[in-house]
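Structural overview
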Amino acid sequence: MEDSLFQNRRDFLKYSLGVGATLYSLGSKGTNNLLVSKGFTKLTILYTNDQHSRIEPFPENDPKYAGEGGFAKRATLIEKIRKEEENVLLLDAGDIFQGTPYFNYFSGEIEYKLMSLMKYDAVTFGNHDFDLGCENIVKQMPHASFDFVNCNYNFSNTALAGNKKVFPYKVYKKDKLKIGVFGVGIDLENLVDKRYVKDVVYNDPVSNANKWATVLKHDEKCDYVICLSHLGYKYDTNKISDVLLASQSKNIDLIIGGHTHTFLNSPEELKNSIGEKVVVTQVGWAGIWLGKIEINFSPYNKKLFQSNSAHKI
Amino acid sequence: MIRRVPILIIVHILLFSCHPRYLKQSEKSEHYSLKESSVSNVLNDSLSRYKKKVDQETGRVISTLSGEITKEGNESTLGNFVCDALNYNKDFFPGETVDVVIVNRGGLRANLPKGDIRVINIFELMPFENELVLVTIKGKELLKFVPHVIEKKHPFLGMKIKIKNGQSESVLVGDEPVDETKNYNVLTSDYLANGGDSFTFLSNPVSIKPSGLKIRDAIINYCDFEKKLKQTIDPYKDGRLIISK
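Residues numbered from 1 in each chain as written. Chains lettered and ligands numbered in written order. Predicted model: local features only at pLDDT ≥ 70, side-chain atom pairs only at ≥ 80, totals over all residues.

Structural notes on the overall build of chain A
Of regular secondary structure, chain A possesses 8 helices and 15 strands. Considering chain A as a whole, with its 313 residues, one finds that 51% of them fall into the buried category. (Helix = DSSP H or I, 4+ residues; strand = E, 2+ residues; numbered from the N terminus. Buried ≥ 20, exposed ≤ 12 C-beta atoms within 10 Å, placed from the backbone.)

Right, dumping it as structure tokens:
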């Protein structure tokens, strides 16, 4: 399953079939324009997770992923998509750091620099982002032009206290749309050396996620709410995961996950605590895939049409 | 309603016909050349300074493997390789004997390909900055390692563990059953000695001795040594962990 590239295209017709069959030929610029002329706004969400410092493609002798991944290839693809699409949001669900000597020698400087060149909008923290402590994140932040979102860690007693690049959530305006993005992180106990994270306080991800998602939906009046999660896709135990969070959530539209390095063949559509739709996705690791979800919003800001694809890098 | 029925059919046909186009689009994306885009040029320019240094330091061939070494199986060739590599460095604790080597499976981050092994491969296998330590614990504590092995198949050396129906059937150190009151010297990483990966049985030891040697450097030392002997390293399993129903 890990080696198969998902090409599932999922289409949800939200309300009227009467809008017409032309919607289904979305993708080429012409029909997109047709929708735009009817007042629709298209949002393109691009995402990665668990990049693990994989700046260059896997070496040619890699048993599993030879030649795959690589920041430059991804940058090329993103640039191409940006030329075709008006409203692009580029996100990452954590574990940017750790996994190649680039991190050992330069402590994350290159990862942040190159992601800034790709114009990432927001990322959340994964456990490995703390591998050299909060001090190191602070030290590398001048190289990052994107925002860091997390709502369930308390950094008050760490080097990240009061940091101006870290937010519980951020709202991004894309054309007529307001997109809310917030982040949740995993319990760092047993995942990161205590010496580095003993002062990071982990709070319940579910209640905090629901709190901030409600703020985004109702106070900030966001059209769409995205959770960047590093909890992991799902577990055999009752340990909190994206799937569990989804079922206990309210006001979240999309959970972009990480940590478990899960290559989801297609985003999973689940029901939240009040029976509404919430989508969970994750694209493996190491930048082998770039995830893409496209949503067309009607002039009345109702989601109408959603499709997804993963691009092998 | 009557009008919508044919539309529904058309919708389904179009929906179906969309799949091949998407497939094509993504196949194409595999062939993007780095030179196609100005962004990737900027990216590569900004990377080159770093790349030069990393390539210089990590490009050195340190060993040759006669076959791929992987994490697959209950007992894994990769786990055995890393345990051997750590054990090779026991001289960092002069005058001490090593009874057992313990590594955590999750800490081994990459398989090793057949053929030449470079420093870079060891970085990918062991990216962490953890250090080699010698921990002395009572047999009673050592036995608490067994449930972790059942759960996660952690690599080890110096023990023979038989698991039947999810229960420990026999646990030997060398050829002897574990004596709960005896001290055992465990070679491991400071990360695990601090209770990492829930290894709390290591966190209140009789004693702990640091080496100042990174686990990664310990593995590189071992590969260098094998290369000096002009020996290839062979993947192997020896039945130290047997799990049956």
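That shown, we press on.
Some details on the overall build of chain B
In terms of regular secondary structure, chain B is built from 8 helices and 11 strands. Expressed as a percentage of its 245 residues, the buried residues of chain B come to 34%. At a minimum sequence separation of 6, the contacts of chain B that also span at least 24 residues come to 81%. (Contact = placed C-beta atoms within 7 Å.)

Some points on the sheet that holds strand β13 (residues 277–281) of chain A
Residue and element names in this part refer to chain A. The strand order across the open sheet formed by 6 strands is β7-β8-β10-β11-β13-β12, and the pairing between neighbours is mixed. The sheet terminates laterally at β7 (169–174) and β12 (268–271), the two strands that pair on one side only. The mean angle between the axes of side-by-side strands here comes to 25°, regardless of whether they run parallel or antiparallel. Of the strand pairs in this sheet, strand β10 (residues 224–229) and strand β11 (residues 254–256) are connected by 3 bridges, and their pairing is parallel. Counted as the bridge partner of C227 is I255 from β11. Contacts from helix α7 (residues 205–219) reach β7, β8 (177–184) and β10, with the element oriented near 165° to β8. (Pairing = 2+ DSSP bridges. Axes fitted to C-alpha atoms, helices over the stretch in contact; angles between N-to-C directions.)

Some details on helix α2 (residues 71–84) of chain A
Every α-helical turn comprises 3.6 residues, leaving residues that sit three or four positions apart pointing alike. If you check α2(A), its first and last C-alpha atoms are 20 Å apart, about what 14 residues at 1.5 Å a residue would give, namely 20 Å. Within α2(A), burial applies to F71(A), A72(A), K73(A), R74(A), A75(A), T76(A), L77(A) and I78(A). (Expected span 1.5 Å × (residues − 1).)

Side note on the nonpolar core
Core analysis: the largest hydrophobic core is formed by 84 residues, its most contacted members being L91(A), V181(A), F182(A), I226(A), L228(A) and I255(A). Within the second largest apolar cluster, 53 residues are counted, among which are L65(B), L132(B), F145(B) and V186(B). (Core = buried A, V, L, I, M, F, W, Y, C linked by C-beta atoms within 7 Å.)

A word on the packing of helix α3 (residues 77–88) of chain B against helix α8 (residues 215–228) of chain B
Pairs of packed helices are described in terms of their axes, by the angle between the two and the distance that separates them. All names here are of chain B. One way to put it is that α3 packs onto α8 with a least axis distance of 8 Å and a crossing angle of 90°. With respect to their mutual orientation, α3 and α8 come out roughly perpendicular. The residues of α8 that touch α3, namely those facing V82, D84, A85, L86 and Y88, are A218, I219, N221, Y222 and F225. The residue makeup of the contact of α3 with α8, split by class, is 8 nonpolar, 1 polar and 1 charged. (Parallel < 35°, antiparallel > 145°, perpendicular 65-115°, else oblique. Nonpolar A, V, L, I, M, F, W, Y, C, P; charged D, E, K, R; others polar.)

A closer look at the sheet that holds strand β2 (residues 100–102) of chain B
Residue and element names in this part refer to chain B. Read across the open sheet, the 5 strands follow the order β5-β2-β9-β4-β10; overall the sheet is mixed. The sheet terminates laterally at β5 (156–157) and β10 (207–214), the two strands that pair on one side only. Alignment of strand β4 (residues 131–138) against strand β9 (residues 183–189), held across 7 bridges, turns out to be antiparallel. The residue of β9 that forms the bridge with L134 is L187. Here α8 sits on the sheet and contacts β4, β9 and β10; the angle it forms with β10, its principal contact strand, is near 65°.

Some details on the environment of K217(A)
Summarising the element assignment, K217(A) is placed in helix α7. Excluding residues that lie within four positions of it along the chain, K217(A) makes contacts with C222(A), V225(A) and N251(A).

A short note on the confidence of the model for chain A
Confidence along chain A averages 87 in pLDDT terms, with 87% of residues attaining 70 or more. Contacts for the low-pLDDT stretch residues 1–31 of chain A, under 50 throughout, to residues beyond four places or in other chains number 62 contacts. (pLDDT = per-residue confidence, 0-100.)

Comments concerning the environment of V206(A)
All names here are of chain A. Among the structural elements, V206 can be located in helix α7. C-alpha separation for the pair V206 and T262, spaced 56 residues apart in sequence, amounts to 21 Å. The residues touching V206, leaving out its near neighbours within four places in the chain, are I240, L245 and Q248.

Focus on unusual backbone geometry
Residue and element names in this part refer to chain A. The phi angle at D50 is positive, at roughly 50°, despite the residue not being glycine. Within the element layout of this structure, D50 appears in the loop between β1 (41–48) and α2. Residue D50 is classed as buried on the basis of its 28 C-beta neighbours within 10 Å. Positive phi values are uncommon outside glycine, yet D175 reaches one of about 55°. Mapped onto the secondary structure, D175 falls in the loop between β7 and β8. Note on D175: 11 C-beta atoms within 10 Å, which makes it exposed.

As for the pairing of β1(A)
Residues and elements named next belong to chain A. Among the 8 residues that make up β1, 6 are buried, leaving the element largely enclosed by the rest of the structure. Both β1 and strand β14 (residues 289–297) contribute to a ladder of 7 bridges, which runs antiparallel. Each bridged residue has a counterpart across the sheet, and for Y47 the counterpart in β14 is G291. Where β1 lies against strand β2 (residues 88–92), 5 bridges are found, and the strand directions are parallel. Note on β2: the bridge partner recorded for Y47 is L91.

Structural notes on the confidence of the model for chain B
Residues and elements named next belong to chain B. Overall, the predicted model of chain B reaches an average pLDDT of 85, with 84% of residues at or above 70. Low pLDDT (under 50) marks residues 1–36, which in the prediction has 40 contacts with non-local residues, meaning those over four places away or in another chain. Across the interface, the model reports ipTM at 0.71; the global pTM reads 0.75.

Quick word on the pairing of strand β6 (residues 159–164) of chain B
All names here are of chain B. Because side chains alternate across β6, one face comprises the buried residues M159, I161 and I163, and the other comprises K160, K162 and K164, none of which is buried. Pairing of β6 with strand β7 (residues 167–173) involves 6 bridges; the strand directions are antiparallel. In the sheet register, K160 faces β7, and the bridge partner there is L172. As judged from the 4 bridges shared by β6 and strand β11 (residues 241–244), these two strands associate in the parallel manner. Looking at β11, one finds that K164 is bridged to S244.

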